[in-house]
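# Commentary on secondary and tertiary structure
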Amino acid sequence: MDRTLTTRSFLLLAGLLLLLASICEVRADTVLLNASYDPTRELYEAINKEFAADWKAKTGEKLTIRQSHGGSGKQARSVVDGLGADVVTLALAADIDQIAALTGKLPADWQKRLPDNSSPYTSTINFVVRKGNPKAISDWSDLVKPGIAVITPNPKTSGGARWNFLAAWAYATAHSDGDEAKARAFLTALYKNVPVLDTGARGSTTSFAQRGLGDVLISWENESYLILKQFPGQFEVVYPTISILTEPPVAVVDANAAANGTTEAATAYLAFLYTPQAQKLIAKNFYRPRDISAADADDLARFPEIALVTIDKDFGGWRQAQKKFFADNAIFDQIYRP
Amino acid sequence: MNVAAASSRVFARAPSVLPGFGLTLGLTLTWTSLIVILPLAALFWRASGLGFGGFVDLASDARVVSALRLSFVAAIIGAAFNAAAGLLIAWVLVRYDFAGKRLVDAMIDLPFALPTAVSGLALAALYAPNGWLGAPLAQLGIKIAFTPAGVVVACMFIGLPFVVRQVQPVLADLDRSLEEAAATLGASRTQTIVRVIFPAILPALLTGFALAFARGVGEYGSIIFIAGNLPFTSEIAPLLIIIRLEEFNYQGATAIAVLMLLMSFAVLLAVNLLQSWSRRRTGGGRHA
């Protein structure tokens, strides 16, 4: 009886060890968490697949990349509050600046660590109108006309909406000889034409495309083409004469990656975004690539050359723009003051 | 609260009747401290950094005031509609038998179970200018979605089960002989309803109202889809809290939260007082 008991407990122990070993085996796979903003879902699904294959071929390591999507500001806050994302790929540099400032998990000069302001792809802001452009909308000046309903999200809660606002501001200042009061009046007139301020870019897309609200949607270029793809034959894309170069930045969150032991994989992941292979995927997913050498001509034909202002040259960087336009009681809040 | 006070009096007089008072009270206090008081204390602690002056500034800020007004007025109107409709539904479910009654009864709970974003999307789709209800209403010149009225509609949707589920059991327990007695004593139907039935269910109705109100005032997920979210017109207070958070202004966010909490507490306290007043008036509840 004693004997059987020992045999049994031995077997049990062996079984437990085996189980433990298998759990460790699973854990040995490297897992990367990419905290990104809303419209990049499709882009990173495509990129993750190719990078994981690439990484396996180079190191023999099986890599799993998990994605988390949400409003850019909300994602930044999650990382500030302790979400252990190894990399962040957000809508604007201001949000990563906040992570650096509030947690110190990455250095303040993070944006200098990768080429092109740490933005491996860019985009811009354009308009989506209903088929046939019934209200004949061709430029920003058409959006302030009485009776035009404009759909754009709330700049307070949406990164994309902040780009929209700044693009409109760029047009307004270019057409008012730098008179800021005139630019303010222009933006006020524009936002008076907004019947719904959704909290995020996807919400605005839903309001415009599915609820039938509004005559024009101010949108990310990539999101505009997604709308055309999803609702074929219902909408058209219109480019204004002037817009803004949007640079969605990427960064390794150093402290998180070090804690997860993924520094090497995370760094390689972001470097991969700059390779011709990834740049091709970027163009295919309606983002403007930095390196067009491998991109399909059909994809590139979508991106017309228009006058683009930049956040650094024309607005003095995000820190200043945030303070001047979107802080509490700053210009955006003043628009709505009765 | 009344029950707790009453039972503590009972136990103080005769501690041996039901043992275990010390232990259970200890557990009760620990649990409520951990789950309710501690998070609320943290909230007050974070907001307290603002100072009294900053707090007054915030409470008198026009935008904060208008958001709070919308949240509270819409929640109260929604809860009032729910009190009327919920009472009727509870009455029908208890007093009549009809085919599909079980089904209707089960459906009442759906707003409890649905993720709020889903109900918000459904309501917005329905009441949007191109929606099933929105389109005919738009022709009559009535706009629901993306106006303050949309907030009320969302509050009505999420608050209905609270009233029905509060009133239903009380109505079911109501002694029919009371009504019969009233009839034999010469009361008319209206008199029976107003003087016999209504006072008995009033406390439950008030509780349902208070719960529906509390749910509506704190609601974010579903309202955000159907309100237009325009500052000064259709921006609710919880959205303003989110906006402050997006600005990484944790203190401002918690300060608005504290304001909401104090106002909700005042409303709930008023309802509670009304309730105990009505209980006293009718002589202590349904089985007087």
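So, a few notes on the structure that sits alongside this text. Remember, it's a predicted structure, so these values are computed and weren't measured experimentally. (Residues numbered from 1 in each chain as written. Chains lettered and ligands numbered in written order. Predicted model: local features only at pLDDT ≥ 70, side-chain atom pairs only at ≥ 80, totals over all residues. Heavy atoms only, no water.)

### Examining the overall build of chain A
- For chain A, the count of helices and strands is 17 helices and 11 strands.
- Viewed in the frame of its principal axes, chain A has a C-alpha envelope of about 95 × 40 × 40 Å.
- Partitioning the contacts of chain A with sequence separation of at least 6, the portion at a separation of at least 24 is 73%.
- For chain A, the exposed area adds up to about 14,800 Å²; of that, 56% sits on carbon and sulfur atoms.
- If you average the places of the 36 positive and of the 37 negative side-chain charges in chain A, the two averages end up 4 Å apart. (Helix = DSSP H or I, 4+ residues; strand = E, 2+ residues; numbered from the N terminus. Contact = heavy atoms within 4.5 Å. Areas by Shrake-Rupley, 256 points an atom, 1.4 Å probe, with all protein chains shown as cover. Lys, Arg positive; Asp, Glu negative; His and termini not counted. Charge placed at Lys NZ, Arg CZ, Asp CG, Glu CD.)

### Side note on the packing of aromatic side chains
All names here are of chain A.
- Across all of its chains, the model carries 24 aromatic pairs over all chains by this definition.
- With a centroid separation of 6.4 Å and an interplanar angle of 10 degrees, the aromatic rings of F165 and W169 are classed as stacked. Of this pair, F165 and W169 are both found in helix α7 (residues 159-174), 4 residues apart, which corresponds to roughly one turn of the helix.
- For F165, a relative accessible area of 0% translates into the label buried.
- By the ring-pair criterion, three or more aromatic residues cluster together here, those being F165, W169, Y191, F315, F325, F326, F332 and Y336.
- The residue whose ring lies beneath R162 is F326, and the NZ or CZ to ring-centre distance is 5.9 Å. (Phe/Tyr/Trp six-rings, centres within 6.5 Å; stacked < 30°, edge-to-face > 60°. Buried < 20%, exposed > 50% of the residue type's maximum accessible area, 1.4 Å probe, protein only. Lys NZ or Arg CZ within 6 Å of the ring centre and 35° of its normal.)

### Let's talk about the sheet that holds strand β2 (residues 63-70) of chain A
Residue and element names in this part refer to chain A.
- With mixed pairing, the 4 strands of this open sheet are ordered in space as β2-β1-β3-β9. In this open sheet, the two strands that pair with only one neighbour each are β2 and β9 (250-252). The average undirected angle you get between the axes of adjacent strands in this sheet is 20 degrees.
- Pairing analysis gives 3 bridges linking strand β3 (residues 87-89) to β9, with the strands arranged antiparallel. The residue bridging V88 from the neighbouring strand is A251, located in β9. (Pairing = 2+ DSSP bridges. Axes fitted to C-alpha atoms, helices over the stretch in contact; angles between N-to-C directions.)

### Examining the interface of chain B and chain A
- Listed as interface residues are 25 residues of chain B and, on the opposing side, 29 residues of chain A.
- The contact between chain B and chain A buries some 2,200 Å² in all, and 57% of this surface belongs to carbon and sulfur atoms.
- Linking chain B with chain A are 3 salt bridges.
- Note that D333 of chain A is salt-bridged to R63 of chain B, the shortest N-O span being 2.7 Å.
- Counting across the chain B and chain A interface gives 8 residue pairs in polar contact (both at pLDDT 80 or more).
- Those elements that place two or more of their residues in the side of chain B that touches chain A are α7 (116-127) and α13 (237-246) of chain B.
- The dominant element in the side of chain B that touches chain A, judged by the number of residues it contributes, is α13 of chain B, at 6 residues.
- Here the side of chain B that touches chain A is built from residues that sort into 18 nonpolar, 3 polar and 4 charged. (Buried area = accessible area lost by both parts, 1.4 Å probe. Salt bridge = Lys/Arg side-chain N within 4 Å of Asp/Glu carboxyl O. Polar contact = N/O pair within 3.5 Å; in protein donor to acceptor, adjacent residues only side chain to side chain. Nonpolar A, V, L, I, M, F, W, Y, C, P; charged D, E, K, R; others polar.)

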